[in-house]
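Architecture at a glance
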Amino acid sequence: MGYRKHSRTLVGVLAAVLVVPACGGGAADGGGNTTNQVKAEANSANSGTAKQGGTITYVLERNILDWNPLGADIGVATQLVADAYDPAPFVTLPDLKTIELNSDLLVSAEQTSTSPQTLVYKINPKAVWNDGTPITSADFDYVWRASDPRVCPKCEAASTMGYDAITSLVGTDDGKTVTVTLSKPFGDWKALFGPILPAHVAKKLGDDGTPEGLAKSFNDGFRYKDSFPDWSGGPFMFKSWVTNQAATLVPNPRWYGKPTTLDSLVFRVITDTTQEVPALQNNEVQIINPDPQVDLLRNVQALSGVKYQLVEGLRKQMILPNMNNPAMQDVALRKALFTAADVQQTIAKTVGQFSEGAKPLRNRIYVPQQPGYKDNLGTLGTGDIAKAKSILSDAGYKVDGDKLVDPKGAPVPTLTMRYIQNNQILKTVCELFAANAKQLGVTVDVQTTDSIGATVTHQPGKDFDLFAMGWIGQTFVSTQYSQAFMTKGGLNFGGYSSAKVDELLTKALGATEESDVAGYLNGVDAQMTEDAYILPLYQVPDLLAYKADLVNVRANGTYFGPPYNAGQWGIGG
């Protein structure tokens, strides 16, 4: 089906809300001064002309251990830096729905036939890697081979969707035209080859034409575990990397696209969110993108010479049940727990304190800004205790004292619910869920975890029955959610399995019309409501704050983040 599960660490599309101070009371938008808030059209906010020179430092909230942007253990921080040096055919824009051709890399990319599906990419004749090697079909071919389990069963790719359907990839015009033919339709074809990797570098890293050599180059070589990439096909290239400190990039002298203006672009690692605003205030950094909460937002609003955006993005907060554990395998119990959960109350005590537009998210796949959004949750998340008790009673559950007893007469065991350590918002989410569950006679033991990846892959001592987690969405919804919801999918951390959902996801992957895709995926969402798998809570607002003299820096609430257009960043003239 084109997916694989890897358990070394967490795949990049999954992200938990990071360390934040306790939420205090407050009005909408944090109750502070909003005169420095930027409100503009998403794709053009903060546009301006930059003068030549200067350095911009952007904060990364996680250290980087793997530089392969296509690897299974990629982190979000890797993707943010890769935006600046590793090109992809298409770019997702901040409005959450526009997928734009990367006109620096490509002249065009079109689907020229549907039977069989045929894709033709025309590479910019001037496009070269930073050592002068032309970017050609060989680079596309390398990504295909490394991402296709038929070719490289040991390559640890984050996604194999679509690659496993490619039957041929042919380069013509000295490799500047790439023609790809697939054996079955793949609606998310614009997600393919995003990003590409240099085939000539892969040879230096071990790709000798064998599956073993291919795996060596992809799994180990492109990770650059003890160094950093010395290649680039984007506007910037590496100058240095000091683990847990900073990556410094400088303009790529072989850059073939729109000219850059900066002297350098620095990605500085600051894992303590409380230190980000002071660093911005002291001009140690010029851009921060922390998870918002009341005190932090008020501190940003109080800064002079700083602008900020607070937008709704594709990141969602949700509660994941672990159906690998016996306690969570009964649909009636899951449905009752999720019906008893009061999402509106949860919002009021967490995200609603600093985001006046926050409201319950009623779909697992789409957000309200996307055309496919539809409320499929029924009674889930409504806080209807009476309805939840009725669900349990109809299924044969009884309450003995203050303890729920299952239909076989056994007490329902205490459930372990985890959240990432030092996160007060998620602690509140879990405690409210536990209080509602208690009204049903179910005890929920709220515990922290210091490793999201180890937790979701069920490593010893990290297991859970329920997990409060964040999820960063993509515009390529069929591909992403097939990995998340399909039986044994690579991102199916809850162990969910439904033949009907598998069938609908397969149809969605093959659909080329957006309306058809939305129909299939809303069918998936509705079935998951019937199965009471995953309770969506709310969209996590995206906060971006930056020095007021910066231009072309803007919020992008997708997986690509604000550096999606880093080559255009600059200091206003």
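You'll find the structure just up there.
Reference entry: report on the structure contained in this document. (Residues numbered from 1 in each chain as written. Predicted model: local features only at pLDDT ≥ 70, side-chain atom pairs only at ≥ 80, totals over all residues. Heavy atoms only, no water.)

1. Focus: the packing of aromatic side chains
Applying the stated criterion across every chain yields a total of 24 aromatic pairs. Aromatic side chains F222 and Y224 sit 6.4 Å apart centroid to centroid with 65 degrees between the ring planes, which places their arrangement in the edge-to-face category. Take F222: its relative accessible area is 1%, and that puts it in the buried class. Residue Y224 is classed as buried on the basis of its relative accessible area of 9%. By way of ring pairs, the aromatic residues W67, Y85, W129, Y142, F222, Y224, F228, W231, F238 and W241 are connected into one cluster. (Phe/Tyr/Trp six-rings, centres within 6.5 Å; stacked < 30°, edge-to-face > 60°. Buried < 20%, exposed > 50% of the residue type's maximum accessible area, 1.4 Å probe, protein only.)

2. Examining the environment of I534
Looking at the secondary structure, you find I534 in the loop between helix 14 (514-530) and strand 19 (535-547). Put simply, I534 and F467 are 67 residues apart on the chain and 9.7 Å apart in space, counted from C-alpha to C-alpha. Residues contacting I534, with those up to four places away along its chain left out, are M318, I319, L320, P321, F338, R364, F485 and M528. (Helix = DSSP H or I, 4+ residues; strand = E, 2+ residues; numbered from the N terminus. Contact = heavy atoms within 4.5 Å.)

3. A closer look at the state of the cysteines
Counted under the stated rule, the structure contains one disulfide. The disulfide partner of C152 is C155, and the gap between their sulfur atoms is 2.0 Å. Disulfide C152-C155: torsion about the S-S bond near 80 degrees, hence right-handed. The buried category is assigned to C155, whose relative accessible area is 0%. (Disulfide = S-S within 2.5 Å.)

4. Some remarks on the layout of surface pockets
If you add up the space inside the second largest pocket, you get close to 720 Å³. Together, 40 residues line the second largest pocket, and V91, D104, Y564, N565 and Q568 are the ones closest to its centre. When contributions to the lining of the second largest pocket are tallied by element, the ones reaching two or more residues are helix 1 (76-82), strand 3 (90-92) and strand 4 (99-101). Of the residues assigned to the lining of the second largest pocket, the class counts are 20 nonpolar, 14 polar and six charged. (1 Å grid on protein atoms, 1.4 Å probe; cavity = no way out; pocket = protein on both sides within 12 Å on 5 of 7 lines; lining within 4 Å. Points joined across faces, edges and corners; volume = space filled by probe spheres on them. Nonpolar A, V, L, I, M, F, W, Y, C, P; charged D, E, K, R; others polar.)

5. Focus: unusual backbone geometry
Here the amide bond leading from S115 into P116 is cis, since omega sits at -5 degrees, within 30 degrees of zero. Secondary-structure assignment places P116 in the loop between strand 5 (106-114) and strand 6 (117-123). With an omega of 0 degrees, the peptide bond between G194 and P195 qualifies as cis. Non-glycine residue F193 carries a positive phi angle of around 60 degrees. Within the fold, F193 resides in the loop between strand 8 (177-182) and helix 3 (199-204).

6. Quick notes on helix 9 (residues 385-394)
Taken together, the buried positions of helix 9 are I385, A388, I391 and L392. In a view along the axis of helix 9, the buried residues occupy a sector of 120 degrees, so they form one face of it. Away from its buried face by more than 90 degrees, helix 9 exposes A386 and D394. Of the surrounding elements, those touching the buried residues of helix 9 are helix 7 (331-340), strand 15 (403-405) and helix 10 (424-438). Its side-chain oxygen 3.3 Å from the backbone nitrogen of A386, D384 forms the N-cap of helix 9. In the stretch just after helix 9, G396 is the one whose phi turns positive, near 95 degrees. (Arc of directions from axis to C-beta. Polar contact = N/O pair within 3.5 Å; in protein donor to acceptor, adjacent residues only side chain to side chain.)

7. What about the packing of helix 2 (residues 137-147) against helix 4 (residues 211-220)?
Between helix 2 and helix 4, the shortest axis-to-axis distance is 10 Å and the interhelical angle comes to 100 degrees. Between helix 2 and helix 4, the angle falls in the class roughly perpendicular. Between helix 2 and helix 4, the residues in contact are Y142, R145 and A146 and L214, S217 and F218, respectively. Class assignment for the residues of the contact of helix 2 with helix 4 results in four nonpolar, one polar and one charged. (Axes fitted to C-alpha atoms, helices over the stretch in contact; angles between N-to-C directions. Parallel < 35°, antiparallel > 145°, perpendicular 65-115°, else oblique.)

By themselves, these figures tell us nothing about what the structure is for.
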